[in-house]
Each structure stands twice: as structure tokens, then as C-alpha cells.
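One-letter residues, chain by chain:
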Amino acid sequence: MPQITLPDGTLRDYDEPVSPARIAADIGPGLAKAALGARINGVLTDLSTPIESDVELALITAKTREGTVDDEALFLLRHSCAHVMAEAIEELFPGTQLVYGPPVDNGFYYDIAFPDGSAVSSEDFARIEEVMKRIIKEDRTFTRYELPCSEGLEKLRAEGSKYKIDNAERAIEAGSDALSWYATGEPGTHWEDLCRGPHVPSTGKIGAFKLMSLASSYWHGDENSDRLTRVYGTAFADKKQLKQHLARLEEAQKRDHRILGRQLQLFTIDEQVGQGLILWKPAGAAVRQELQNFISEELTRQGYAQVFTPHIGKLDLYRTSGHYPYYQESQYTPIIDRETLGGLAAEGCSCSDLANRMDEGEIDGYLLKPMNCPHHIKIYASEQRSYRDLPVRLAEFGTVYRWEQSGEIGGMTRVRGFTQDDAHLFCREDQIAEEVQGCLHIVKLIFSTLGMSDYRVRVGLRDPDGAKYVGDPANWDRAEDACRTAAATLGVPFTEEPGEAAFYGPKIDFVVKDVIGREWQLGTIQVDYNLPERFGLEYIGADNQRHRPVMIHRAPFGSMERFIGVLIEHFAGAFPCWLAPEQVRVLPISEKSNEYAEELLAALLDRGLRATIDDGSDRIQGKVKVAADLKIPYLAVVGPRDAESRSVSVRAFGIDRNLGAVGFDEFVDDIARESNGRGETSLLTRFEETAS
RNA sequence: GCCACCGUAGCUCAGUGGUAGAGCACACCCUUGGUAAGGGUGAGGUCACGGGUUCAAGUCCCGUCGGUGGCUCCA
């Protein structure tokens, strides 16, 4: 006879099998009404799931006991809403086949195969939503029933949905001993879907929902397989939560680096220049230059040497490195000189011949470099190296070009030309651990200086079945071990992900999310035994023998483009003073104070600060508004009173009032100190009492 | 690359087959005003590009380019 332990420790005994729904009712009518599902021994279930033995039970309601939104409740609501949407779509679009409809972060989707010629469009959302509202209003019970596998498959085959048959077969393969369906109402009478559940008790529990967008997807994620239409929606327990969610999305959009990039004049992309090619405008270039200075100083401290290399290299270089054979699809096509090309044309050489002969090495051309490592390797190889010279650390802000698929390109986060804060360390095997530590130190320094704490660490390993990797498996094993060991010393949790390695070696990646929740890899550290081997790199050891160095590739920002794209969103465009494109704007109250304002501007510029003056004919209110829109950290308002007392009236971004006056020299000194110290000190401390 | 949606002034957007619009920005004039926009006047358009349907196309159809959201890919 089941004994039920509730989260607060209270016990309830029943002398027959019992459902969570009944237990909820026994506790109180309010809970019975609010309950959406249950957790039985930690497993999410329906409210109707029979309990036959002693269990720990938690009832799930829209809000937790602390009053926060319950994620599992949202999971149930959204999964259930996906069913309601599927029913509505099947009703409105006869002949559609359902594929797969799970809840996801922020909502749910359903992958649907529409019959030829009839696709859904977002203009159909309103009428789909109408049908969904009707189904929800009818408050039909989600009724679960099960069939043995063979019988269930029989039923699906009779219905003829290849996608559902496939789902069932996969479930059986994964060890299910029965197949389950959920009817939205009475089985046999109402709509139903093969589904493992769980669901909310009835459609009426879906408080608020909205269809969001359409996308296409591939069946099983395979681009050679069927193309499906993915309909995205979201659902919440009530209208208020939905409204808040939509407001949050709108808020997030304001932080979008593409929008801010235009508003703040940071960068532009011109279609005549090309997709995915960033034009850094003066303001964006200032931010980037500050970051490069920051990293350069640290490189010097850590014993790196900076180098410069060209943007192209001969194809043969990349045959040796393996980029050309292994990475060809992501490269711009090789550059072949006019004469060679003319000769080939005269011979009647076809495009496929040309490609083959380039692959074979019969024709050489130049490649726009997809990575910096081969050039740096050649710098290493240009001198004889002793074990005493190691590690050799070569750094370069190196620009690389990659042929990304057109549909993937967007903003600054996925581009076709970008500059890595790259470096390659050539070291002895016994130096790997220490060198990786040094790299991790830089990454951590960057994140902490910029106040970025919301990142995750991924150790990318090779996919055991993958064919895209170069090199000896034994080398791979050693390199993977080195990465694991290094990641473990970080003091942050990390995940190991097979298939995420580079083609030449495993890596430690730092991954952050953008405003719409997409993950981007920023910094990366890679241990590589393969390229030194392919290029025959050597050093002379203490034993007077030739040895092979190990290479570490590292880029703590990843690429300047992507990093700054993410950084714009991180700061919502309001850069701290040391990074801000314009650090101070001097605002004379009227022409009468222009001369004093010019003096202040000159003093600021003299200290290397990025400052401007707004001596236009606007009133001060207008000047302040314009400057605030540009998110300039400090405004120096000067009028006759300030000129009289040699002071500056300060206003800071985000603090919407005059902070008060400070002396001319103090102001300049404080800002310079704050800028040079990268935010370690703040002018605002002068106004502590009023600033907060 | 695939699917859906979108492309009108520098920017944000209105314009459902019949003479291209607004706000901001810009130029000029007035205003010299103490902390989130004082007032006036003016200039600014191959309605992404190319074809088609129509008496007539920003508007409807096809294609191309570009953007957005996903999918696939990703060093």
C-alpha cells in the first residue's frame, strides 16, 4: 500500500493505488486546481499516473513555493501546447504529417511535413491560434493510453505516417517496452498523437500562448533527408507571464549588436563589399584598438613576440598543413595568376580538370589564408631552435578568411573575414601544462576585466567516427589528455564534447550566449601534435638530438569581430570609460563658454583621451540628449559659472542628473586615471554620496 | 546551401493597382538657452536590382542580390 512522502516531509498513506491528482485533491481544492503535473521519485509525470508503491511525490504548479516560475511546469505547458497547435494545423491543413514536437528553451516547436504545394505562412498564425483557443476553451482532458510495441506499430502503419513509425521504431530501439499515445479528449473520438508525455491534465491549463515564427529543418537533422517546416510557439501559465516574456524579447532586441552597431556607428556591412565582411567605423575601431592594446600588454608580460604575416600563401603550404584537403569547403577558392589561367584555357582545361589538378598539386595558386598557423610555423622553422629557446611564442592579430555558408552569416558573430588575436606556442612536451596554464590565465583576465562571468567551458574532442581529422591517433590521445587536464585546473565546470575538435587537434573553448540565446565560441586553446609533424618542425635537445616540438594554438578573444559583437550586447552598447569610443564630450552651455570648453577639450586630448566638443547651437538639454543616445560615459558641462571657478559640471551615463562640479585638473586627472587603469578607479568615487 | 518572412529618404517606419509620405538626422535662418531635443525654412527617392502582367505597378507574378529567424555546417 503506497506511502507518499511530500517535499515538506509529510507522509500520506493510501490503501490502494492512487494518482497524484487525487493526492492533490486530498491536500486541498486549490492545489487540485493548480496542479499541472507531478514528480514521482524525481521523474516528471502526468497527474493521472498511478502510484502503486512508496514514493516521494512533488506536485508541480505554475509557480514554485518560492513564487518563481516553475521550469517543469513550463515544460508541461509547452509540450501540451505543441499538441494543441499540431491538432489545429492538421485541422486547417489536411494531409500534413507530424514529425516531432518538443518543448525547448523559451517555448516549443513542431516539425511538420506539409503536403506538396501547401506551405504554412506566418499569415496563417492568426487562424491557427483561433482554432487553438477553441481547443483550449473546450478544456479537453489529455488522455494517455498505451499499446504493446507490435500492436502500436501496426496501428501507425495502418495510419501511414512514416515519421511517427520512425519515432516509434527509435523509441523501441532505445528500450521502450510499450508505445504511448495522448488523446486530446476521448481516445478514438478526439485528436491524438504518439507521444511519451507527460502533459498537463487538460487543454484548459494552457493559460497563454503565441505562435512565434517559422523555420525549416531537416528530418533527423540530415540535409539530404526530407525538409520539414518547423513552427515555433511559446506558452505560459497566464497572460501576464507571456506579456513579460514578449517584453523581455523586445528589451533583448535593443541590445542586439547589429542594431547598436548602427546606432553607435561602430561598424557597417556593405553588400557591394561582400557578405560577412565587416567595415569597422572609427568608433568600433577605437574599441577594438583598446582591446588589442590590452591584450598586447599582457602578451609582452608573458614573453610573447608579435609578428606580422601576409593574408595569402601558396596552395602548397596548405597542402602540407592539411587545410587545403581537409578544409576546402570552408575556404575561398584559390587565386590563380592570369598567365597560368590563360594557358589552361588555351589547353581547353575544364573547371573540374582545374580543380583536380590543383588537388594533385600540378597547378599552384595562392590561398586567402583560412588560418594563421602555417605562416607562424614557417617563422619558427626559419631558425635553428634549441631546447633553451623553447617555448617560442609567436603572436599576431591575424586576419583570416573563410567561406561560410550564406545562410549562416550575420552581424559580427558569423563573418567571412575576421581577425584572430592569434598566437602559436612551440614547446617541449613537458612544457605543455604550464603553457596552457598561461593561456588560461589570459582568458580569465579578459573575462574578469570585462565583467563577463556568464560563459561555459567546452573541451572539444574528436568524433570517434569522424574522418575529417589529420594525424596519428596516439598523438590525438595525448593531446586530448592534455586538454582535459588543463581544463580540470580551471576551477570552472566544463563539458567534454566529442566531434567539437579542430581537424588537427582537440581544444578548450569558451562559449557565451548572445541576446537571443545563441551560443558562440569565443576564446579557444588547442593542443596540436600534428602540424609540427606535417611540417617536420624540430629543436635540438639537451641530448644534442633532434626533437619535435608540440604546438599550442590559442586565441583568447577568438576573433575581434565576434568578441566585440558579443561585448556590445554584454554592455548593451554602454562601454566602460576605458573602452568607450568617445570617453568624454564637452558641452558648453552657450557660445559664451566655448573658449573655456575648448581649453578643457585640449587638456583631455593631451592626455590621450577620446574626447569631443559639442559647440553647436542646441540648448544644453538637446546636447545632453544626443550624448546620452550615444551612451558616452562622461559629459563635461561647462558654462560661465564653471569658467569662473575653473570647474566642470559632470554628468555620467546611466545617472540621469548633474552630479555636481569638480575642478578642471581633478576632472582631467580622474578620467585619465580611470581610462589608463581600465576601470580600476572611477571618477564617480568623487560623487559617492550622490552617485548611488 | 535549405525553408519562411522581409527590402520605400542617412535612420525608424506609414503607404492593398491611380500624382511617393511622416518623425528623427542633414543644410540654412532665428534663438545663446545650466542637464534626456527651442522655433522656422529647405534639400533629400531608379520604392534593392532585372524581367513580366496591366491603360496604369512601391503595390500583383517570376528571377537575382541583400537582410532576419531557424535548419545544416563551423577552425
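Predicted, not measured: the structure shown is a model, and the values here were computed from it. (Residues numbered from 1 in each chain as written. Chains lettered and ligands numbered in written order. Predicted model: local features only at pLDDT ≥ 70, side-chain atom pairs only at ≥ 80, totals over all residues. Heavy atoms only, no water.)

1. What to know about the packing of aromatic side chains
Each pair of aromatic rings is reported with the distance of its centres and the angle of its planes. Just so we agree on the cut-off: To pair, rings of Phe, Tyr and Trp, with the six-membered ring standing in for Trp, must have centres within 6.5 Å; the planes then decide the type, stacked if under 30 degrees apart, edge-to-face if over 60, and tilted in the middle. Strands here are runs of E lasting at least two residues and helices are runs of H or I lasting at least four, both read from the DSSP assignment and numbered beginning at the N terminus. Buried means the residue's accessible area, taken with a 1.4 Å probe over protein chains only, is under 20% of the maximum for its type, while exposed means over 50%, and partly exposed covers the values in between. Whether a charge sits over a ring depends on NZ of Lys or CZ of Arg being within 6 Å of the ring centre and within 35 degrees of the ring normal.
In total, this model carries 17 aromatic pairs according to the counting rule given. Between Tyr 332 and Trp 403, the aromatic rings sit 5.1 Å apart at their centres with planes inclined by 85°, giving edge-to-face as the arrangement. Placement of the pair is Tyr 332 in the loop between α11 (323-326) and α12 (338-347) and Trp 403 in the loop between β19 (392-401) and β20 (417-427), with a sequence separation of 71 residues. For Tyr 332, a relative accessible area of 19% puts it in the buried group. When the ring centre of Phe 236 is taken as reference, the NZ or CZ atom of Arg 78 above it lies at 4.7 Å. Positioned above the aromatic ring of Phe 664 is the side chain of Arg 646, whose terminal nitrogen or guanidinium carbon lies 4.4 Å from the ring centre.

2. What to know about unusual backbone geometry
Going from Gly 197 to Pro 198, the amide bond is cis rather than trans, its omega being -5°. For Asn 41, which is not glycine, the phi dihedral falls at a positive 50°. Not every positive phi belongs to a glycine, and Asp 139 is a case in point at roughly 50°. With respect to the helices, strands and loops of the structure, Asp 139 is situated in the loop between α4 (125-137) and β9 (142-148).

3. Quick look at the confidence of the model for chain A
Applied cut-off: For every residue, the predictor states its confidence as a pLDDT score lying anywhere from 0 to 100.
Residue-level pLDDT values for chain A average 91, and 99% of them are 70 or greater. Across the interface, the model reports ipTM at 0.95; the global pTM reads 0.92.

4. Observations regarding the protein's contact with RNA strand B
Worth spelling out the cut-off: Near is defined per residue: the residue qualifies when any heavy atom it owns lies within 4 Å of the molecule or strand. We call two N or O atoms a polar contact when they sit within 3.5 Å, provided that within protein one can donate a hydrogen and the other can accept it, with sequence-adjacent residues counted only if both atoms are side-chain atoms.
With respect to spatial proximity, 59 residues lie near RNA strand B, and among them Arg 227, Tyr 327, Ser 406, Glu 408 and Glu 591 are the closest. When the atoms of RNA strand B within 4 Å of the protein are grouped by moiety, sugar and phosphate amount to 50% of the total. In the model, a base nitrogen of RNA strand B is placed 2.5 Å from a nitrogen or oxygen of the Ile 589 main chain. Lys 592 has a polar side-chain atom sitting 3.3 Å from a phosphate oxygen of RNA strand B.

5. Section: the packing of helix α3 (residues 71-92) against α4
As a reminder, the rule being used: In this analysis, axes come from line fits to C-alpha atoms, helices being fitted only over the stretch in contact, and the angle between any two N-to-C directions falls in the range 0 to 180 degrees. For classification, angles of less than 35 degrees are called roughly parallel, those exceeding 145 degrees roughly antiparallel, those between 65 and 115 degrees roughly perpendicular, and all remaining angles oblique. Should the near helix be turned counterclockwise from the far one by less than a right angle, the crossing is left-handed, whereas a clockwise turn marks it as right-handed. Contacts are residue-level and defined by heavy atoms, with any inter-residue pair within 4.5 Å sufficient. Polar here means any residue other than Ala, Val, Leu, Ile, Met, Phe, Trp, Tyr, Cys and Pro, which are nonpolar, and Asp, Glu, Lys and Arg, which are charged; Gly is therefore polar.
One can describe the packing of α3 onto α4 by two numbers: an axis separation of 9 Å at closest approach and a directional angle of 120°. It follows that α3 is oblique to α4 by the angle criterion. As for the relative orientation of α3 and α4, their crossing is right-handed in sense. Of the residues in α4, those touching α3 at Cys 81, Val 84, Met 85, Glu 87, Ala 88, Ile 89, Glu 91 and Leu 92 are Arg 127, Ile 128, Val 131, Met 132, Arg 134, Ile 135 and Ile 136. When the residues that make up the contact of α3 with α4 are grouped by side-chain class, the tally is 11 nonpolar, no polar and four charged.

6. Thoughts on the pairing of strand β28 (residues 584-588)
Filter applied, for reference: Should DSSP find at least two bridges between two strands, the strands are regarded as paired. The crossover handedness rule: strands pointing away from the viewer, path from first strand over the helix to second strand clockwise, crossover right-handed.
Of all the five residues making up β28, five are buried; the element is thus mostly covered by neighbouring parts of the structure. Alternating residues of β28 divide into Val 584, Val 586 and Pro 588 and Arg 585 and Leu 587, and every residue in both groups is buried. Across three bridges, the pairing between β28 and strand β29 (residues 611-613) is parallel. Across the sheet, the residue bridging to Arg 585 is Thr 612, located in β29. Taking the sense of rotation as the criterion, the β-α-β connection linking β28, helix α19 (residues 594-606) and β29 turns out right-handed.

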